[in-house]
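Observations on the three-dimensional arrangement
Chain by chain, the residues:
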Amino acid sequence: MKKSFLYQLILIFVINVTLVGCVFNPNMKDNFPPVSRNNETIMQAFYWEMGTGEYLKNYPEEENLWLLLAQKAPELSEVGITALWLPPANKGAAGGYDVGYGTYDLWDLGEFNQKGTTRTKYGTKKELESAIAALHDKGIKVYYDAALNHRMGADATEIVKLKGQDQTISAWTVFNFPGRNNKYSEMKWNWQHFDGENWNLFEGKTWDWTFYMDNDYLMGLDVDYENPEVQKDVTDWGKWIINEIGFDGFRLDAAKHIDYRFINSWIDDIQNNSDKDVFFVGEAWIEDVSELARFLERVDNEDLKVFDFPLRSFFVDMIDGADLRNLEYVGLVNKFAYKDKAVTFVDNHDTNRDGEKDGILRRKYQAYAYILTREHGTPVVFWKDYYIWGMKEELDKLLLARKYFAYGPGYEVDNNDEDVYSYVRAGLDEVEGDGLVLMISDGESGEIISKRINSRQPNTTFYDYTGHVQGNIITDERGYGDFKVKKSENEGWSVWVPVIE
Ligand code: CA
Ligand code: CA
C-alpha cells in the first residue's frame, strides 16, 4: 500500500513537471508558431553611467561597447531585437569620457587623436564597423544617435561681436579638427556657423525656427542651420553615416531645439540618397500628446517618428496605481493618425540617471508588457533595465511573446476596470498558433481575476506564457474564454498565447 502510494505520488509529480515543463518553458521552440512577419523591436544599447564607477567594476566588458555589441548580436537576435540604438559614436568635447552628446567632431568616429584620445568612450571606428557587420549578420539594424543641436570643445578663440552690443568678446568658436587633417570634410568651423552662446546672439544672427518659438538655444555653441555651409556639411555627414559607415537610421537628439525646416530637408536628403528605408526618430521631450502631434505636423516629414513621452507619463502614473481603463487612450500610440509614429519606451538614459532620475521603479514589467504586445508603435527595451537591473529573464519572455505571437489586428475589450486592462491580438489568418490576450493589473490583493474576453480565436487552448497564472483556457466556438491575471505588483501581467499542438 505504502509503496504504491509513493509510486502514485512520484507519477503525479513526473506528469506535472512534464506538463509544466512543456507548457511554460519559453525555450522550447516546439511551442512557437512560425514567424511570417518580423515585429520590430529596438534596444537602447547604452545608459548614462555605462563604463564608469561601480558599473565599470561590475560590468568591465561595457568599457568596450562596440566589441561587446558584436558579441551580443546572436543572443539579441534570438529574442527578437531587430535594431540597436547606439550612443553618439563621434568624438565629444570630453574625449574618452564624453557620453557623446558634447559634440566636437561628427566626422571623428574614434579614428583620430583629438580631445586627448583616438577612441571614443565606446571604442574605435574599426571596432564600430566590426560591430555593425556582426549585427547586420544577425539581421539587426543599427541606429545613430545624432546630437546636431550644438558644438563644444572649440580648438581656439576668435574675436566675436555680439548682436546689438558695441564691444567685442574673445570666444571659443574656432574648430580646426587638427587631428583629422581634412579627411572626409574640409570644413572648419568659426563663429559664423553658430547663432550664439548662452542665449547671446552673434552679430547678424537670428535664432532658427524651432518648434517652440525662441527655443533654439539648449547648450554649448548653438549651430546655425540657416548657414548653407553648415547645412551641406551636416547633410553630407548624414549620408556618409548611412551609405559608407553602414548605419540604418538616426535618433535625433534635442529635436525641438533644431530648425524644423532643416530637420525636414535633412531627412529627405538622406532618405532620397540611400537604397535603405532609413529610420528616423526624433527626441522631442513633450509630454502633452496634442503638442507632440503638433511637433510632427510642424516638421512635416512622413519618415519621422518620435518617442512617445506622453505614454511614458502614464507609466509614471502607474507607479502609484492609475485607472487602467485609460491604457486604451493614452499616448501618441493611441492617437489615430499618429499611432505608428510612436516609438514607445519605458525608461532611457535621461529618465533613469543615478542621483537625478529614478525612472519607473514599480510596475515596469506591466509597462513593458503593454508596449511589447501592442499593434502600433515601435517599442524600445532599455539596456540598463535588461542587463543591469536584472530584468532580462522576465523581459525575454515578453520579447519572445512579441517575436512569435504579437501579430494581427489589435482589439480593445469592453470590460476593463481601474485595476485590470486587457488587450487582444487576433493573430494572422495565414499563421497557425499566433495571436495573444494581454492582461495587466496594478492591483495588490494577490487574488486572481477572471475576465470574459473574445480572443478572436474559437476553440483554441491558451496558456499564460509568463507563467504567472497556471492552467489552460479553452475558448468557445465564438472565441470567448475566461482569461485570468493576478492582482499583484510583481506578477500582475499575463500574456495568454495558443498552445501549439
Ligand atoms: Ca540662425
Ligand atoms: Ca539649436
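Please refer to the structure higher up on the page.
Residues numbered from 1 in each chain as written. Chains lettered and ligands numbered in written order. Predicted model: local features only at pLDDT ≥ 70, side-chain atom pairs only at ≥ 80, totals over all residues. Heavy atoms only, no water.

What to know about the overall build of the chain
Of regular secondary structure, the chain possesses 11 helices and 26 strands. The C-alpha atoms of the chain give a radius of gyration of 26 Å, which matches the 23 Å a tight globule of 501 residues would have. Projected onto its principal axes, the C-alpha positions of the chain cover 100 × 45 × 45 Å. Taking all 501 residues of the chain together, the buried fraction comes to 58%. Summed over its atoms, the accessible surface of the chain is roughly 21000 Å², and 49% of this surface lies on carbon and sulfur atoms. (Helix = DSSP H or I, 4+ residues; strand = E, 2+ residues; numbered from the N terminus. Rg over C-alpha atoms; globule rule 2.2 N^0.38 Å. Buried < 20%, exposed > 50% of the residue type's maximum accessible area, 1.4 Å probe, protein only. Areas by Shrake-Rupley, 256 points an atom, 1.4 Å probe, with all protein chains shown as cover.)

Let's talk about the packing of aromatic side chains
Counting across every chain of the model gives 45 aromatic pairs. Between the aromatic rings of F32 and Y465, the centroid separation amounts to 6.1 Å while the plane-to-plane angle is 50°, which identifies the pairing as tilted. On the criterion of sequence distance, the pair formed by F32 in the loop between helix 1 (2-24) and strand 1 (42-44) and Y465 in the loop between strand 23 (461-464) and strand 24 (472-474) is long-range, its members being 433 residues apart. Here F32 and Y465 have matching classes, each one buried. (Phe/Tyr/Trp six-rings, centres within 6.5 Å; stacked < 30°, edge-to-face > 60°.)

Focus: helix 11 (residues 392-405)
Taking 1.5 Å of rise per residue, the 14 residues of helix 11 would be expected to cover 20 Å, and the 19 Å separating its terminal C-alpha atoms lies within 8% of that figure. By the criterion of burial, helix 11 is predominantly enclosed, with 12 of the 14 residues buried. Those residues of helix 11 not exposed but buried are E394, L395, D396, K397, L398, L399, L400, A401, R402, K403, Y404 and F405. Of the surrounding elements, those touching the buried residues of helix 11 are helix 3 (65-78), helix 9 (364-373), strand 18 (378-382), helix 10 (383-388), strand 21 (436-441) and strand 26 (493-498). (Expected span 1.5 Å × (residues − 1). Contact = heavy atoms within 4.5 Å.)

Quick word on the coordination of the calcium ion (ligand 1)
Protein coordination at the calcium ion (ligand 1): the donors are D195 (OD), D195 (OD), T206 (O), D208 (OD), D224 (OD) and E226 (OE), at 2.2 to 2.5 Å from the metal. Here the calcium ion (ligand 1) is ringed by six donor atoms whose angles at the metal span 52 to 162°, and the overall shape comes out irregular. Read N to C, the donor residues that coordinate the calcium ion (ligand 1) are spaced as D-x10-T-x1-D-x15-D-x1-E. On the criterion of sequence distance, the pair formed by T206 in the loop between strand 10 (200-201) and strand 11 (221-223) and D224 in the loop between strand 11 and helix 5 (228-245) is long-range, its members being 18 residues apart. (Donors = N, O, S within 2.8 Å, 3.2 Å for Na, K, Ca; no water. Tetrahedral: all angles 85-135°; square planar, octahedral: opposite > 155°, others 65-115°.)

Things to note about the sheet that holds strand 14 (residues 304-307)
Strand order in the closed barrel made by the eight strands is 1-2-5-12-13-14-15-18, with parallel pairing throughout. Across the sheet, the mean angle from the axis of one strand to that of its neighbour is 30°, orientation sign disregarded. Pairing between strand 2 (residues 83-85) and strand 5 (residues 141-146): three bridges, direction parallel. Each bridged residue has a counterpart across the sheet, and for L84 the counterpart in strand 5 is V142. (Pairing = 2+ DSSP bridges. Axes fitted to C-alpha atoms, helices over the stretch in contact; angles between N-to-C directions.)

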